[in-house]
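# Notes for the structure review
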Amino acid sequence: MSTNTESDNADAKPTTTPDADTIDTEPQVEPEEEDEVEVSPDVEAETEPVEPDNDDVTGKEVPKEADDEIANGDDAETEGEADAEDDGEAVVTGPPQQFQAAIKGGAIKEFVGTLRAIVDEAKIRVDPDGIQTRAVDPANVAMYDASLAAGAFESYDATDGVLGVNLKRFAEILKLAKKDDLVQLSFNTTTFKLVVHIDGVEFTMALIDPDSIRKEPELPDMDLPVSFTIEEAQIRRSVKAADMVADHIRFRCEEAEETVFIEAEGDTDNVSLELTESDLAALTAAEGQALYSLDYVKDISKQFPRGTEITLTFGSDFPMMIEYEFSNGECEVLAMLAPRIQSD
Amino acid sequence: MSTNTESDNADAKPTTTPDADTIDTEPQVEPEEEDEVEVSPDVEAETEPVEPDNDDVTGKEVPKEADDEIANGDDAETEGEADAEDDGEAVVTGPPQQFQAAIKGGAIKEFVGTLRAIVDEAKIRVDPDGIQTRAVDPANVAMYDASLAAGAFESYDATDGVLGVNLKRFAEILKLAKKDDLVQLSFNTTTFKLVVHIDGVEFTMALIDPDSIRKEPELPDMDLPVSFTIEEAQIRRSVKAADMVADHIRFRCEEAEETVFIEAEGDTDNVSLELTESDLAALTAAEGQALYSLDYVKDISKQFPRGTEITLTFGSDFPMMIEYEFSNGECEVLAMLAPRIQSD
Amino acid sequence: MSTNTESDNADAKPTTTPDADTIDTEPQVEPEEEDEVEVSPDVEAETEPVEPDNDDVTGKEVPKEADDEIANGDDAETEGEADAEDDGEAVVTGPPQQFQAAIKGGAIKEFVGTLRAIVDEAKIRVDPDGIQTRAVDPANVAMYDASLAAGAFESYDATDGVLGVNLKRFAEILKLAKKDDLVQLSFNTTTFKLVVHIDGVEFTMALIDPDSIRKEPELPDMDLPVSFTIEEAQIRRSVKAADMVADHIRFRCEEAEETVFIEAEGDTDNVSLELTESDLAALTAAEGQALYSLDYVKDISKQFPRGTEITLTFGSDFPMMIEYEFSNGECEVLAMLAPRIQSD
């Protein structure tokens, strides 16, 4: 397994123009990061040939920047290898015939807030078992796969379908609901609008054409060697501390010491949090370290429900998987974050 | 009764230039609203001939924008018909010979804060029975008539007079007082300043020449068919919800169903709160609906004392009267808000 | 004793260009204030000849603006007369051989926050008895002398030395510590960095070359006649009230009445707080009054630990000394503030 670095990158990608990052004050570093931050193509290469940076379903190798990071798992998918579940999902592109549900304000706000950390609109797939969303952020650096099982609802009745939701507006509406207020949701099959009832107030919210919303990414199948589980407050503290000195945060594991380090290096100052087994709820130790964009880690960790245990899984210069549950396990969240490669 | 609309407006008012509303993004709607938002002239027409848009006491029909809305009740007044009470008030234009009062911080802050919702300075009339203010906002859309009876004060001793008060400064000074702190007010007849004592700190506040403050508006005598009384929290919630989708808020009553609707219509999304008799403390139902500027309703509803019952009275395309009391009924507030006329 | 005024100032200082104060809206007053706000040179003159406005150690009378206010006590010092303690301090210019300490978050935050009111970086002198800092603000108007005795620490072990500390960064790091969290500090003599441990998180903070930090000012020896001790909340209230009407605050004492007045005069409005012996914890009354910049008094009073008694000492048109303690008296703070001279 390897990740492209500036030096060997030329072979893998013909002439790429990195996304403009105009406010960055370290121009010499950013182009490098933009190019290299991607799920290692070798991961997909293990199972099938990959045309990197190509989401054209014809399979032609047209170089394209937009999906060169997390989302390039799509390529593999569209070229033939798809498991049964994904095939099934792909079939449903229209709204559901029936969607009527009631849920506590706290749970639906948590669900929508989580997705809002990286996207403003998303396809919410509904089926008889619950709702589910997979979304990737515009820069292809972070991805969420979040599901809210029917059991998380006070009442739930739905057929298969997909709803294109303006999450920003939805989150705004949900502000009217307190944690324990009942939020009633129903899809009006005549007006094609989502009706939201909160304690007597009825909102009628226009939906977005799901086809106009960015394609759902595939989850790459990766074998990440390091895994640890920790109270969310510890991650929050590390992020807060790292934020004082740097723009990136490193997760590092020393196998022999069975210790995880969360570190940040600034120009003059450093931050380090050392976590041994006694600090961790679980640990699968292996030698490895990876660097991530602090902004993304901040946005993702802000959404952690208070008091929750978070499981982080990573490998050297590989993405990090961040997993947690809430609503008594009825809501499962998986965030995936692309690594940043250090230039020195 | 009718309210001018864009189409028939040309007759009533020769070439008017609407007040500039530079940050408005819907230019085609605003001129219409500016012209039409006024108390129906027919209301005054019932009792006497009205020269619209004219506050020149000579009675000449000089078109004038400044007072074309709520305040045009003045015209009627200055042209001869005035009731005894108004005549009485009109006589007093100087400061009182004596004004010495003490009041709890909470009550005076509430009184001043209420007026501050629409004006920065006001004439406060004092007499042996209490203090009273009537003020109209610069755009002639909203008016307050608020009085604080002598009984609202811990001690009160005053003769007839009028004080021109910088409400902004007064509110700032009152911030130093907690809810139950005693605020002592006295008018210094030598320096012509208001002396405010709050827990040892003495403020000496210059007053404003009452003649330099905008003329107090007349309260038009209107017969508004719909009236309902509701907990202030319900209005606040409706306003908060409406604010997510629109700039205006509609109050509508269906007589047969004995139901009041508070509604807002945005470009794509709608909000509706349905209030039946069980939600209301009182209801006089009649068919009717009227649209109001959300910004004004927001500013006015922000001032509602928590837990208070509010009585709203309105008629189709007529102003809304908003009435409530606080300080055990010793403070009475009446707000009047001009309607907005929908263009479609 | 006298303080220069605009009229007699020309003799003392050849052609001075006042510091630019571009956002000031009262240009005719400010140049005067800038020139005159200084510790009366006569104070030093009592003990030895003074070359005002000269911190050149050669003693040549080169007019210089930078140190013309509080800091001109330095001049006296550098020209030969120094007491033993100052001589001792002057010797130590390098970092300590040993500095290892642990302290509660609350105490160290209070210490750093206090200095932050006027400077962004400071020399912190450490010795076996504790740490101590003296700093003057860039405009030479306010000075702090603050010390934290070894007894304020949970553990303390240090040799003589001086650390150049970026207080802004240090304060930011300390935000991670709660009031009762243990903050461990140690100076790494190999990397020359300060290591800060807060509940598992380790910060490595680069230090600043102490020689690049502004010279520590001397404390002028003054005989100020008025002194009173008061609960900090009273000062806060006065400052808040004064801030509503003016940019300056006056402290005045009437000896016969044994009363202190804290006053502010705006263009139209005034504020006054009268404090008699019953309001004061202690009073040494004498006739006198002095005016101070409200911004500085605000910044200094914001740092007062809640519930603390503050001792203020001043003389007519002389600096004010503001003294208080915290951490059971282990931390002593002395702030000195130059007076403003009224032009009328």
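Notes on the structure follow.

Cut-offs used in this document
- Residues numbered from 1 in each chain as written.
- Chains lettered and ligands numbered in written order.
- Predicted model: local features only at pLDDT ≥ 70, side-chain atom pairs only at ≥ 80, totals over all residues.
- Heavy atoms only, no water.
- Helix = DSSP H or I, 4+ residues; strand = E, 2+ residues; numbered from the N terminus.
- Contact = heavy atoms within 4.5 Å.
- Areas by Shrake-Rupley, 256 points an atom, 1.4 Å probe, with all protein chains shown as cover.
- Salt bridge = Lys/Arg side-chain N within 4 Å of Asp/Glu carboxyl O.
- Buried < 20%, exposed > 50% of the residue type's maximum accessible area, 1.4 Å probe, protein only.
- Buried area = accessible area lost by both parts, 1.4 Å probe.
- Polar contact = N/O pair within 3.5 Å; in protein donor to acceptor, adjacent residues only side chain to side chain.
- Nonpolar A, V, L, I, M, F, W, Y, C, P; charged D, E, K, R; others polar.
- Pairing = 2+ DSSP bridges.
- Least-squares fit on C-alpha atoms with pLDDT ≥ 70 in both.
- Phe/Tyr/Trp six-rings, centres within 6.5 Å; stacked < 30°, edge-to-face > 60°.
- Lys NZ or Arg CZ within 6 Å of the ring centre and 35° of its normal.
- Core = buried A, V, L, I, M, F, W, Y, C linked by side-chain atoms within 4.5 Å.
- Axes fitted to C-alpha atoms, helices over the stretch in contact; angles between N-to-C directions.
- Left-handed = near helix turned anticlockwise from the far one by under 90°.
- Patch = residues over 30% accessible without salt bridge, like charges linked within 9 Å, V, L, I, M, F, W, Y side chains within 5 Å.
- Lys, Arg positive; Asp, Glu negative; His and termini not counted.
- Charge placed at Lys NZ, Arg CZ, Asp CG, Glu CD.
- Arc of directions from axis to C-beta.

Now for the overall build of chain A. A count of helical and extended segments in chain A gives nine helices and 18 strands. A separation of at least 24 residues holds for 69% of the contacts in chain A among residues at least 6 apart in sequence. Only carbon and sulfur atoms are counted for the fraction: they give 45% of the accessible area of chain A, which is about 15100 Å².

If you walk through the whole model with that rule in mind, you get 45 salt bridges over all chains. When the shortest N-O distance is used, the salt bridge between E254(B) and R252(B) registers 2.7 Å. Residue R125(C) pairs with E216(C) through a salt bridge whose shortest N-O separation is 2.8 Å. Placement of R125(C) in strand β2 (residues 121–127) and of E216(C) in the loop between β9 (201–206) and β10 (226–231) is noted, with a sequence separation of 91 residues between them. Of the residues examined, R125(C) reaches a relative accessible area of 12% and is grouped as buried.

The next thing to look at is the interface of chain B and chain A. Contact with chain B, which involves 12 residues of that partner, is made by 15 residues of chain A. Buried area between chain B and chain A, both sides added, is near 1200 Å², and the carbon and sulfur share of it is 51%. The salt bridge partner of R169(A) is D269(B), with a shortest N-O separation of 2.4 Å. Our count for the chain B to chain A interface comes out at eight residue pairs in polar contact (both at pLDDT 80 or more). Ranked by residue count, the leading element in the side of chain B that touches chain A is strand β13 (residues 270–275) of chain B, at five residues. Considered class by class, the residues forming the side of chain B that touches chain A number five nonpolar, three polar and four charged. Where strand β9 (residues 201–206) of chain A lies against β13(B), four bridges are found, and the strand directions are antiparallel.

Positive phi, normally seen in glycine, also occurs at N328(A), with a value near 55°. Checked against the element boundaries, N328(A) lands in the loop between β17 (320–326) and β18 (331–337). A relative accessible area of 82% places N328(A) in the exposed class. With a phi angle near 55°, F192(C) is a residue other than glycine that sits in the positive phi range.

For the pair chain B and chain A, the best superposition has an RMSD of 0.1 Å and corresponds to a rotation of 120° with a translation of 0.2 Å parallel to the axis. In symmetry terms, the pair is related by a three-fold rotation axis.

As a further point, take the pairing of strand β5 (residues 155–158) of chain A. All names here are of chain A. Burial along β5 is one-sided: the residues Y156 and A158 are buried and none of S155 and D157 is. Pairing of strand β1 (residues 99–104) with β5, which is carried by four bridges, proceeds in the antiparallel orientation. Counted as the bridge partner of A102 is S155 from β5.

Within this structure, the stated rule accounts for 24 aromatic pairs over all chains. Between F228(B) and F314(B), the ring centres sit 6.5 Å apart and the planes meet at 90°, which makes this aromatic pair edge-to-face. Note that F228(B) is positioned in strand β10 (residues 226–231) and F314(B) in strand β16 (residues 309–314), a separation of 86 residues in sequence. Seen from their ring centres, F251(C) and F314(C) are 6.2 Å apart, and the 55° between their planes marks the pair as tilted. Of this pair, F251(C) sits in strand β11 (residues 248–254) while F314(C) sits in strand β16 (residues 309–314); the two residues are 63 residues apart in sequence, bridging distant segments of the chain. F314(C) matches F251(C) in its accessibility class, with the two residues each being buried. One aromatic cluster is present, formed by F228(A), F251(A), Y292(A) and F314(A) through successive ring pairs. Sitting over the ring of F261(B), R252(B) keeps its end group 4.2 Å from the ring centre.

A few words now on the nonpolar core. Formed by 251 residues in total, the largest nonpolar core has its most connected members in F99(A), F99(B) and F99(C). Those residues in contact with F99(B) that lie beyond four places of it in its chain are V126(B), I131(B), Y156(B), D157(B), A158(B), L163(B), L185(B), S186(B), F187(B) and L194(B).

As a further point, take the sheet that holds β2(C). Adjacent strands of a sheet form backbone hydrogen bonds with each other and so pair up, either parallel or antiparallel. Residue and element names in this part refer to chain C. Strand order in this open sheet of nine strands is β6-β2-β3-β4-β18-β17-β16-β10-β14, and the pairing throughout is antiparallel. Looking at strand neighbours, the two that pair on one side only are β6 (161–166) and β14 (282–284), the edges of this open sheet. Taking the axes of each pair of neighbouring strands and ignoring which way they run, one obtains an average angle of 15° across the sheet. Note: β10 against β16, six bridges, orientation antiparallel. Residue pairing across strands places T229 opposite T311, the latter belonging to β16. Packed on one face of the sheet, helix α9 (residues 294–302) meets β4 (142–149), β17 (320–326) and β18 (331–337) and runs near 175° to β18.

Residue and element names in this part refer to chain A. Where helix α6 (residues 105–116) contacts helix α7 (residues 167–174), the two axes come as close as 10 Å, and the packing angle between them is 145°. The crossing of α6 and α7 is left-handed. Within the contact between the two elements, α6 uses I108, K109, V112, L115 and R116 and α7 uses L167, K168, F170, A171 and L174. Tallied by class, the residues present in the contact of α6 with α7 amount to seven nonpolar, no polar and three charged.

Listed by partner, the interface residues are 12 residues for chain A and 15 residues for chain C. Counting each side, the surface lost to burial between chain A and chain C is near 1200 Å², with a carbon and sulfur contribution of 51%. Among the residues of chain A in contact with chain C, R237(A), M244(A) and D269(A) are the three that bury the most area, contributing 50% of the side total. Here chain A is connected to chain C by two salt bridges.

Residue and element names in this part refer to chain A. A cluster of acidic residues, E255, E257, E258, E274, E277, D279 and E287, forms a negative patch on the protein surface. Position of E255 among the secondary structure elements: in the loop between β11 (248–254) and β12 (259–265). The exposure class assigned to E255 is partly exposed, which follows from its relative accessible area of 41%.

Turning our eyes to something else, we now look at the sheet that holds strand β12 (residues 259–265) of chain B. With respect to topology, nine strands assemble into an open sheet ordered β5(A)-β1(A)-β7(A)-β8(A)-β9(A)-β13(B)-β12(B)-β11(B)-β15(B), the strand pairing being antiparallel. Every other strand in the sheet has two partners, leaving β5 of chain A together with β15 (288–293) of chain B as the edge strands with one partner each. For this sheet, the mean angle separating the axes of adjacent strands, direction not counted, is 20°. Of the strands in this sheet, β1 and β7 (182–188) of chain A touch α6(A), which is tilted by about 105° from β1(A).

Attention now goes to the environment of V112(C). Residues and elements named next belong to chain C. With respect to the helices and strands, V112 occurs in helix α6 (residues 105–116). Separated by 34 residues in the primary sequence, V112 and A146 have C-alpha atoms spaced 9.5 Å apart. Not counting residues within four places of it along the chain, the set of residues in contact with V112 comprises L167, F170, A171 and L174.

Let us now look at the side chain of D137(B). Residue and element names in this part refer to chain B. Locating D137 in the fold gives a position in the loop between β3 (130–136) and β4 (142–149). Put simply, D137 is tucked away with no salt bridge, and the nearest opposite charge, on R214, sits 6.2 Å away. Residues in contact with D137, not counting those within four places in the same chain, are I118, V119, A142, R214 and Y296.

All names here are of chain A. Judged by how many residues are buried, β12 sits mostly within the fold: six of seven residues are covered. As judged from the five bridges shared by β11 and β12, these two strands associate in the antiparallel manner. Looking at β12, one finds that R252 is bridged to F261. Linking β11 to β12, which pair antiparallel, is a turn of four residues; within it E258 sits at a positive phi near 50°. Bridge analysis of β12 against strand β13 (residues 270–275) gives six bridges, and the strand direction is antiparallel.

Moving on: helix α7 (residues 167–174) of chain C. All names here are of chain C. Taken together, the buried positions of α7 are L167, R169, F170, I173 and L174. Angularly, the buried residues of α7 cover 160° about the axis, an arc narrow enough to put them on a single face. If you check the start of α7, you find a side-chain oxygen 3.1 Å away from the backbone N of K168, and it comes from N166.

A few words now on the packing of helix α8 (residues 232–243) of chain B against helix α9 (residues 294–302) of chain B. Residues and elements named next belong to chain B. Viewed as axis vectors pointing N to C, α8 and α9 meet at an angle of 145°, and their least axial separation amounts to 10 Å. You can see that α8 and α9 cross each other, and the crossing is left-handed. Contact residues: I235, R236, V239, A242 and D243 in α8; L294, V297, K298, S301 and K302 in α9. Looking at the contact of α8 with α9 residue by residue, the class counts come to five nonpolar, one polar and four charged.

Within the secondary structure layout, A281(A) lies in the loop between β13 and β14 (282–284). When the C-alpha atoms of A281(A) and T311(A) are compared, they prove to be 9.1 Å apart, with 30 residues separating the residues in sequence.

Purely geometric stuff here, so don't read any function into it on its own.
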